[in-house]
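The primary structure of each chain is shown beneath.
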Amino acid sequence: MSVSILVENVTKEFTMQYHRTLKQMAVASVKRLPLQEQFLAVNGVSFTVEQGESVGLMGLNGSGKSTLLKLINGVMKPDKGSILTRGRIAGLIATGAGFHPQLTGRENLYLNAAIMGMSEAETKRKFDAIVDFADIGKFMDTPVSHYSSGMYARLGFSIAIHVDADIFLADEVLAVGDRPFKKKCMAKMQEIRQQGTTIFYVSHAAASVRAMCDRVLVLESGHLNYDSKIVEGGSVEGGIHYLEYDDADDEEVTSDEELGADI
């Protein structure tokens, strides 16, 4: 089986600015306090994902999950190490990313699809399917600045899921939106999973990780501390237990039965 994602000793560092105004900087300088500090969002991370695998990335807030996803997507470049991916990448790494607030949902659909690499002809061919899946009705012709976070998620996820991709990246795509839409999203992700698409799924939700993922990676303070592919006796359940996420939220989709008998 071919490798879909190869991450080798990747490190990403950011600068934290403690004082923003001249007065604050002057006071801090007199008191000999630091004006800034470097912090490693991702620190020496290495792993591989094979074509067709569905891998969950878990960790507490601030552990580096979203940064790692952006590095894989190419939005950011690592300071050290290398990332290689095979094929076309699509997905939703931030709700409403790429949307222009003054444009309508319809206009943003074409804009966002182009950003994800879809041609105009492909977008036109899939337009009705995208609109039907998003199910935001008359708001398609309303500026997205008027959208709720749930409507952003509906349109953004609908566009991303209709891109023909080899790798699908998803960052907390089910964190907003109502329960029926979450179930529809999970069912669609299961569909593309069964088609052999590689899925890299960031989530805090134990139930959806159980339903979606073949294995789990756990980040802690930028370090990869659990990889169910290499940890002896490792499993998805092991990763969830490692984070003490065992108690699933009752509102989460918890089984294939809830997703539909055809999954």
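Structure first, text after, so check above.
Residues numbered from 1 in each chain as written. Predicted model: local features only at pLDDT ≥ 70, side-chain atom pairs only at ≥ 80, totals over all residues. Heavy atoms only, no water.

Engineer: Would you take a moment to explain helix H2 (residues 65–73) for this structure?
Structural biologist: Among the residues of H2, those classed as buried are Lys-65, Thr-67, Leu-68, Leu-69, Leu-71 and Ile-72. A positive backbone phi angle near 90° is found at Gly-74, which sits one or two residues after H2. (Buried < 20%, exposed > 50% of the residue type's maximum accessible area, 1.4 Å probe, protein only. Helix = DSSP H or I, 4+ residues; strand = E, 2+ residues; numbered from the N terminus.)

Engineer: What's the story with the environment of Lys-184 in this structure? I'm lost.
Structural biologist: Mapped onto the elements, Lys-184 comes out in helix H6 (residues 179–194). Classification of Lys-184 as partly exposed rests on a relative accessible area of 30%. For the pair Lys-184 and Phe-133, spaced 51 residues apart in the sequence, the C-alpha separation amounts to 8.6 Å.

Engineer: What's the story with the sheet that holds strand E9 (residues 223–227) in this structure? I'm lost.
Structural biologist: With respect to topology, six strands assemble into an open sheet ordered E5-E6-E7-E3-E8-E9, the strand pairing being mixed. With partners counted over all chains shown, the strands left at the sheet margins are strand E5 (89–92) and E9, one partner each. If you compare each strand with its neighbour and ignore which way they point, the axes differ by 20° on average. The sheet contact formed by strand E6 (residues 167–171) and strand E7 (residues 198–202) spans five bridges and is parallel. Residue pairing in the sheet places Phe-168 in a bridge with Ile-199 of E7. On top of the sheet, H2 reaches strand E3 (54–58), E5, E6, E7 and strand E8 (215–220); it is set at about 155° to E6, its chief contact. (Pairing = 2+ DSSP bridges. Axes fitted to C-alpha atoms, helices over the stretch in contact; angles between N-to-C directions. Contact = heavy atoms within 4.5 Å.)

Engineer: Just to check I follow, could you spell out the side chain of Arg-154 for this structure?
Structural biologist: As for its position among the elements, Arg-154 is in helix H5 (residues 149–161). Looking at Arg-154, the relative accessible area reads 14%, which means it is buried. In this structure the side chain of Arg-154 is engaged in a polar contact, spanning 3.3 Å, whose partner is the backbone oxygen of Ala-134. The contact partners of Arg-154, leaving out residues within four places of it in the chain, are Ala-134, Asp-135, Ile-136, Asp-178 and Phe-181. (Polar contact = N/O pair within 3.5 Å; in protein donor to acceptor, adjacent residues only side chain to side chain.)

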